[in-house]
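Architecture at a glance
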Amino acid sequence: EVQLVESGGGLVQAGGSLRLSCAISGFTFDDYAIGWFLQAPGKEREGVSCINTSDGSTYYADSVLGRFTISSDNAKNTVYLQMNSLKPEDTAVYYCAAKHETLGPAGLYLLYEYNYWGQGTQVTVSS
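The shown structure was predicted, so the numbers you read here are calculated from the model rather than taken from an experiment.

Its place among the elements puts valine 79 in strand β8 (residues 78-83). Distance in space between the C-alpha atoms of valine 79 and threonine 53 is 9.0 Å, their sequence separation being 26 residues. Not counting the four nearest positions on each side in its chain, valine 79 is found in contact with Leu20, Ser21, Cys22, Ile24, Phe29, Ile34, Trp36, Ile51, Ile70, Ser71 and Ser72.

We now examine the environment of glutamate 44. Structurally, glutamate 44 is set in the loop between β4 (33-39) and β5 (46-52). Not counting chain neighbours up to four residues away, the residues in contact with glutamate 44 comprise Leu38 and Gln39.

Across a regular strand the side chains alternate sides, sitting on one face of the sheet and then on the other. As judged from the six bridges shared by strand β7 (residues 68-73) and β8, these two strands associate in the antiparallel manner. Residue pairing in the sheet places serine 71 in a bridge with tyrosine 80 of β8. Between β7 and β8, which pair antiparallel one after the other, the connecting turn spans four residues, and asparagine 77 there sits at a positive phi close to 50°.

Turning next to unusual backbone geometry. A positive phi is found at asparagine 77, a non-glycine position, where the angle reads about 50°. Tracing the chain through its elements places asparagine 77 in the loop between β7 and β8. Take asparagine 77: its relative accessible area is 24%, and that puts it in the partly exposed class. In this model, serine 85 sits at a positive phi of 50°, which is unusual for a non-glycine residue. For serine 85, the position within the fold is in the loop between β8 and β9 (92-99). With relative accessibility at 40%, the residue serine 85 sits in the partly exposed group.

The biggest cluster of nonpolar side chains holds 30 residues, and the ones touching the most others in it are Trp36, Val79, Leu81, Met83 and Tyr94. Sorting the residues of this core by element identifies β3 (18-25), β4, β5, β7, β8, β9 and β11 (121-126) as the ones contributing at least two each. Once residues within four sequence positions are removed from consideration, leucine 81 is found in contact with Leu18, Arg19, Leu20, Trp36, Val48, Ser49, Phe68, Thr69, Ile70 and Tyr94. Counting residues in hydrophobic clusters, the runner-up holds seven residues, among them Ala33, Cys50, Ala97 and Leu108.

What follows concerns the state of the cysteines. A covalent bond between the sulfur atoms of two cysteines is referred to as a disulfide. Evaluation of the coordinates by the stated rule reveals one disulfide. Residue pairing for cysteine 22: its cysteine sulfur links by disulfide to cysteine 96, the two sulfurs lying 2.1 Å apart. A torsion of 70° about the S-S bond marks the disulfide between cysteine 22 and cysteine 96 as right-handed. With cysteine 22 in strand β3 and cysteine 96 in strand β9, this residue pair connects regions lying 74 residues apart in the sequence. Here the two residues cysteine 22 and cysteine 96 agree in accessibility, since each one is buried. The thiol of cysteine 50 is unpaired, and the distance to the nearest cysteine sulfur, on cysteine 96, comes to 13 Å. Of the residues examined, cysteine 50 reaches a relative accessible area of 1% and is grouped as buried.

Analysis parameters
- Residues numbered from 1 in each chain as written.
- Predicted model: local features only at pLDDT ≥ 70, side-chain atom pairs only at ≥ 80, totals over all residues.
- Heavy atoms only, no water.
- Helix = DSSP H or I, 4+ residues; strand = E, 2+ residues; numbered from the N terminus.
- Contact = heavy atoms within 4.5 Å.
- Pairing = 2+ DSSP bridges.
- Buried < 20%, exposed > 50% of the residue type's maximum accessible area, 1.4 Å probe, protein only.
- Core = buried A, V, L, I, M, F, W, Y, C linked by side-chain atoms within 4.5 Å.
- Disulfide = S-S within 2.5 Å.

Functional significance is not addressed by these values, which are geometric in nature.
And the structure:
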């Protein structure tokens, strides 16, 4: 069974950094799109970043471009989201998700395309 487990969330001051991890098991890691999404209270879930494990291509939401970096370690079956220069508006539950094919930039928006989702990890950024 495919499982995705997020970790690394917590409480940080504005301007600080966190690194989220998404540990994935149950599928061939070299042929998937992995996305990071956030959901703030009362808001719809929205895309943050995604990566294709096949070729390493990456995509970012405009709001995080230059601050967040997505990467994958195929040997560890893990995808990371390095979050720098955090802002209070980044506060949300962050989820990772996987689809068994590559995705382009639409992977940030077509949430229904993802087959598997983790349980989420809370990120809180204080002023």
